[in-house]
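Descriptive structure summary
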Amino acid sequence: MQQTSGREGWSSRLAFLFAAIGSAVGLGNIWKFPYVTGVNGGGAVVIVYLGCVILVVIPILFGELLIGRRGGQSPANSMAALARSEGRHASWELLGWLGIIAAFLILTFYSVIAGWSLAYVFKTIRGAFEGIDAAGAGAIFDGLLADPFNLAMWHALFMGITVFVVGRGIQQGLERAVTIMLPSLFVILLILVGYAAIKGEFRLGVDFLFATDFSKIDANVVLIAVGQAFFSVSVGIGALMTYGAYLPKNVSIPRVSCVIAAADTLVAVLAGLAIFPIVFAYGLEPGEGPGLIFVTLPIAFGQMPGGTFIGTLFFLLLAFAALTSSISLLEPAVSRLEEKRGWKRGPVTAAAGAAAWLVGLGTVFSFNDWAGFSPLDGFPTFAGKTIFDLVEYLTSNVMLPLGGMMIAIFTGWLMAKSSTLDELGLKDGLVYQVWRFLVRFVSPVVLALVFAFNLT
Ligand code: TRP
């Protein structure tokens, strides 16, 4: 077993890959990707998304993992150590803190939405959707959102499971959880795609996802696709940086980065192939929005033979995917707290989880009692945004691209070439040159543009 500065590390390359893919594959793939492509006209988003993953996200992922492994500690301490050894300003430590805080903030709302999927596992199993129509499915979803107590409980259950896993440590907790859940997730997903292929309008689904209407690509689609690519691959903040700190030295960062990004994209596409053929077979609306899988799909589950079983499997898939991601959102804060002398993983994890739950109540109330409360109404960009909208905006549209840009600048411009060559395990050949070009010129520029557009 590899030890990084006396810490527990992953037991193998495969364990790391499972954990990192588990982090990447989540609500972003199964909930957000299908509805975002649905709303924005399908193939156009998919093609821009793929371009972003290859040109921007993968190069930054190289950088994020190499910082994590070279630093060998929590994002904050890794950045501080690297700034020192590379002779850069000590304030680069703030980039690590940005990552830790962003991951924590994402967790606060992620757990609420993951709670919906837990609620839906139980609703489907009990046959709540049998024979239901659109109005009925909408009423069930609205009913769930309208009840803050209920939401807070599901949010607590999900956060509790996350804390339980993370509290047990890297090998006993994270590694065990992902080795069970990630393969199950793939099996469930393939069953669902198989079902959609046999019983759904598969051709229409495929066309919708892959037929690219280039006239639909505009600044807004690019913006959405970039944000989605970052969020989906878990890049830009401390999550994979922290996972990188536990990575054995002999593992090739370029290779695992490509595997992670490819697996994540594959799952997003498979989720689309499981969902859209069913949507079309039942004459439902692909552009439904965030309610696509919670309102639209239950109608189909309620009508199809064996729908209770298929539906339960679907929401279980969603919950599993969310859990392997939420643990990577809690780990950065835990890894930093654990660095304080005498602070033990168990209590620290429980405290961080409790804090995230508490802050998450802001998201819970955003769907009911505080739905009309938009604290930043004075600013045009933020007018009408609930607390949930604001946290989501701040993390996905500000902190992720900002973190990504800083990682690109630090690894591309500020670290010595010899350091990055060494950590990536590459020779100064084509692969390295391409990476260095992308991370120095392409990623920061694309991100700066995204940033400028976002804030106007
Ligand atoms: N990638 C996950 C998803 O698609 C969410 C996630 C986990 C994440 N860790 C992250 C997003 C770190 C950004 C950064 O649902």
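Our subject is the structure that appears above.
So, here is what we can say about the structure in this document.

The rules behind each value
Residues numbered from 1 in each chain as written. Predicted model: local features only at pLDDT ≥ 70, side-chain atom pairs only at ≥ 80, totals over all residues. Heavy atoms only, no water. Helix = DSSP H or I, 4+ residues; strand = E, 2+ residues; numbered from the N terminus. Buried < 20%, exposed > 50% of the residue type's maximum accessible area, 1.4 Å probe, protein only. Contact = heavy atoms within 4.5 Å. Phe/Tyr/Trp six-rings, centres within 6.5 Å; stacked < 30°, edge-to-face > 60°. Lys NZ or Arg CZ within 6 Å of the ring centre and 35° of its normal. Near = heavy atom within 4 Å. Polar contact = N/O pair within 3.5 Å; in protein donor to acceptor, adjacent residues only side chain to side chain. Areas by Shrake-Rupley, 256 points an atom, 1.4 Å probe, with all protein chains shown as cover. 1 Å grid on protein atoms, 1.4 Å probe; cavity = no way out; pocket = protein on both sides within 12 Å on 5 of 7 lines; lining within 4 Å. Sits in = over half its atoms within 2 Å of the grid points. Nonpolar A, V, L, I, M, F, W, Y, C, P; charged D, E, K, R; others polar. Expected span 1.5 Å × (residues − 1). Points joined across faces, edges and corners; volume = space filled by probe spheres on them.

What follows covers the side chain of Thr-411. The topology assignment puts Thr-411 in helix α16 (residues 387–414). Classification of Thr-411 by relative accessible area gives buried; the value is 0%. In contact with Thr-411, not counting residues within four places along its chain, are Gly-63, Leu-66, Ile-67, Thr-420, Trp-435 and Val-439.

With that out of the way, let us pick up the packing of aromatic side chains. Tallied over the full model, the rule gives 33 aromatic pairs. Ring plane angle 75 degrees and centroid distance 5.6 Å describe the contact between Phe-109 and Phe-388, whose orientation is recorded as edge-to-face. You can see Phe-109 sitting in helix α5 (residues 93–125) and its partner Phe-388 sitting in helix α16, a full 279 residues away along the chain. When sorted by exposure, Phe-109 lands in the same class as Phe-388, which is buried. Among the aromatic residues, those joined into a ring-pair cluster are Phe-109, Trp-116, Tyr-120, Phe-129, Phe-141, Phe-294, Phe-301, Phe-314, Phe-315, Phe-367 and Phe-388. When the ring centre of Phe-231 is taken as origin, the NZ or CZ atom of Lys-32, which lies over that ring, is 5.1 Å away. The ring of Trp-343 has Lys-340 lying over it, and the distance from NZ or CZ to the ring centre is 5.5 Å.

A few words on the site of the ligand. Not every one of the 17 residues close to the ligand is listed here, only the nearest: Ala-24, Gly-28, Tyr-110, Phe-231 and Ser-234. In the model, a nitrogen atom of the ligand is placed 2.8 Å from a nitrogen or oxygen of the Phe-231 main chain. At a separation of 3.2 Å, a nitrogen atom of the ligand approaches a polar side-chain atom of Ser-328. Bound to the protein, the ligand loses 100% of the 360 Å² it would expose on its own. Judged by its atoms lying within 2 Å of the grid points, the ligand is housed in the largest cavity. When grouped by side-chain class, the residues that make up the shell around the ligand number 9 nonpolar, 8 polar and no charged.

So, on to helix α10 (residues 219–233). Helix length check: α10, at 15 residues, gives a terminal C-alpha distance of 21 Å against a target of 21 Å (1.5 Å per residue), a fit within 8%. Turning to α10, its buried residues number three or more, namely Val-221, Leu-223, Ala-225, Val-226, Gln-228, Ala-229, Phe-230, Phe-231, Ser-232 and Val-233. Sitting at the amino-terminal end of α10 is Asp-218, which places a side-chain oxygen 2.9 Å from the backbone nitrogen of Val-221. Of the residues one or two after α10, Ser-234 is the one with positive phi, at around 70 degrees.

All right, on to empty space enclosed by the protein then. Counted by the stated rule, this structure contains 4 cavities of 30 Å³ or more. Of the pockets and cavities examined, the largest cavity occupies roughly 160 Å³. What lines the largest cavity is a set of 18 residues, and nearest its centre among them are Ser-23, Ile-106, Phe-231, Ser-234 and Leu-329. Of all elements in the fold, only α1 (13–24), α5, α10 and α14 (307–338) reach the threshold of two or more residues within the lining of the largest cavity. Of the residues belonging to the lining of the largest cavity, the class tally is 11 nonpolar, 7 polar and no charged. The space that makes up the second largest cavity amounts to roughly 50 Å³. Of all elements in the fold, only α2 (27–39) and α5 reach the threshold of two or more residues within the lining of the second largest cavity. By residue class, the composition of the lining of the second largest cavity is 6 nonpolar, no polar and 2 charged.

What is shown is where atoms sit, not what they do.
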